[in-house]
Amino acid sequence: IAAPLLAGFSFTLTSVLLVNPGVCRWQNATLALFISAGLVLIFAVQTSLWLQSHSVKPSDYKDWYPDNVIEGYPDSEAFEWHKHDAGKAGTFAKATRRLYNLGILLLLAAVTTSVIPPGAVSDPRYVVVGVGATGFLAELIWVFYSRIK
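Residues numbered from 1 in each chain as written. Predicted model: local features only at pLDDT ≥ 70, side-chain atom pairs only at ≥ 80, totals over all residues. Heavy atoms only, no water.

Visitor: Go over the overall build of the protein chain with me, naming the residues and quoting the values.
Guide: When you go through the protein chain residue by residue, the secondary structure sums to five helices and two strands. Over its C-alpha atoms, taken along the principal directions, the protein chain stretches across nearly 75 × 35 × 20 Å. Counting over 149 residues, the protein chain shows a buried share of 31%. In the protein chain, the proportion of contacts linking residues at least 24 apart, taken out of those at least 6 apart, comes to 72%. As displayed, the protein chain offers around 9,500 Å² of accessible surface, 67% of which is attributable to carbon and sulfur atoms. (Helix = DSSP H or I, 4+ residues; strand = E, 2+ residues; numbered from the N terminus. Buried < 20%, exposed > 50% of the residue type's maximum accessible area, 1.4 Å probe, protein only. Contact = heavy atoms within 4.5 Å. Areas by Shrake-Rupley, 256 points an atom, 1.4 Å probe, with all protein chains shown as cover.)

Written out as structure tokens, the structure reads:
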């Protein structure tokens, strides 16, 4: 649910930056980060749809292929279909998770760079940039911590 909304948010902020040139120090880099975040989040949605198409239970095979059921259990052919689909589902689950995490990191980096003004930076603005950078680092730590856990 969140990925398409965040992708739309990324593209909307891209438009805001395009019609307001000079509002941030590194406008082109920020635009590239927002567009990249939006695209990666859309890719996460697409891989999640592929994941759903391969997420089937053994009982689904019994319903779909009743001739391949022996004493209430799928035969070896149906079991091989399930094993194949389970492997594909795992691949798409991993891809979805990685793309979503990358999209969030790109979006947080884009938001952080978008608040850095051109020219001198005031003390309150350093706080704003620090909050954005802290959010980015917290997400980065979360992503890596969840991978080693």
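Visitor: If you had to explain a positive patch on the surface to someone new, which residues and values would you point to?
Guide: On the surface, Lys94, Arg97, Arg98 and Arg147 cluster together to form a positively charged patch. Among the elements that take part in the positive patch, helix H4 (residues 76-114) stands out by supplying three residues, more than any other. Note that Arg98 resides in helix H4. (Patch = residues over 30% accessible without salt bridge, like charges linked within 9 Å, V, L, I, M, F, W, Y side chains within 5 Å. Salt bridge = Lys/Arg side-chain N within 4 Å of Asp/Glu carboxyl O. Lys, Arg positive; Asp, Glu negative; His and termini not counted. Charge placed at Lys NZ, Arg CZ, Asp CG, Glu CD.)

Visitor: Tell me about the packing of helix H1 (residues 2-19) against H4, and please be specific about residues and values.
Guide: Between H1 and H4, whose axes approach to 11 Å, the crossing angle comes to 30 degrees. When the axes of H1 and H4 are compared, the pair comes out roughly parallel. In the crossing of H1 with H4, the sense of the turn from one axis to the other is left-handed. Residues Ala2, Ala3, Leu6, Phe9 and Ser10 of H1 form the contact with H4, whose participating residues are Tyr100, Ile104 and Leu107. (Axes fitted to C-alpha atoms, helices over the stretch in contact; angles between N-to-C directions. Parallel < 35°, antiparallel > 145°, perpendicular 65-115°, else oblique. Left-handed = near helix turned anticlockwise from the far one by under 90°.)

Visitor: Describe the nonpolar core, with residues and values.
Guide: Core analysis: the biggest nonpolar cluster contains nine residues, these being Leu17, Cys24, Leu31, Phe34, Ala37, Val40, Leu106, Leu107 and Ala110. Where this core is concerned, the elements lending two or more residues are helix H2 (27-54) and H4. In terms of residues, this core owes the most to one element, H2, which gives four residues. Residues contacting Leu107, with those up to four places away along its chain left out, are Leu6, Phe9, Ser10, Phe34 and Ala37. (Core = buried A, V, L, I, M, F, W, Y, C linked by side-chain atoms within 4.5 Å.)

Visitor: How would you sum up a nonpolar patch on the surface? Please name residues and give values.
Guide: The grouping of Leu137, Ile141, Trp142, Tyr145 and Ile148 at the surface amounts to a nonpolar patch, some 620 Å² of accessible area in total. You can see Ile148 is positioned in helix H5 (residues 123-148). Take Ile148: its relative accessible area is 71%, and that puts it in the exposed class.

Visitor: Requested: an account of the packing of aromatic side chains, with residues and values cited.
Guide: Enumeration over the complete set of coordinates arrives at one aromatic pair. Seen from their ring centres, Trp50 and Phe92 are 5.9 Å apart, and the 25 degrees between their planes marks the pair as stacked. Linking Trp50 in helix H2 with Phe92 in helix H4, this pair joins segments that are 42 residues apart in sequence. (Phe/Tyr/Trp six-rings, centres within 6.5 Å; stacked < 30°, edge-to-face > 60°.)

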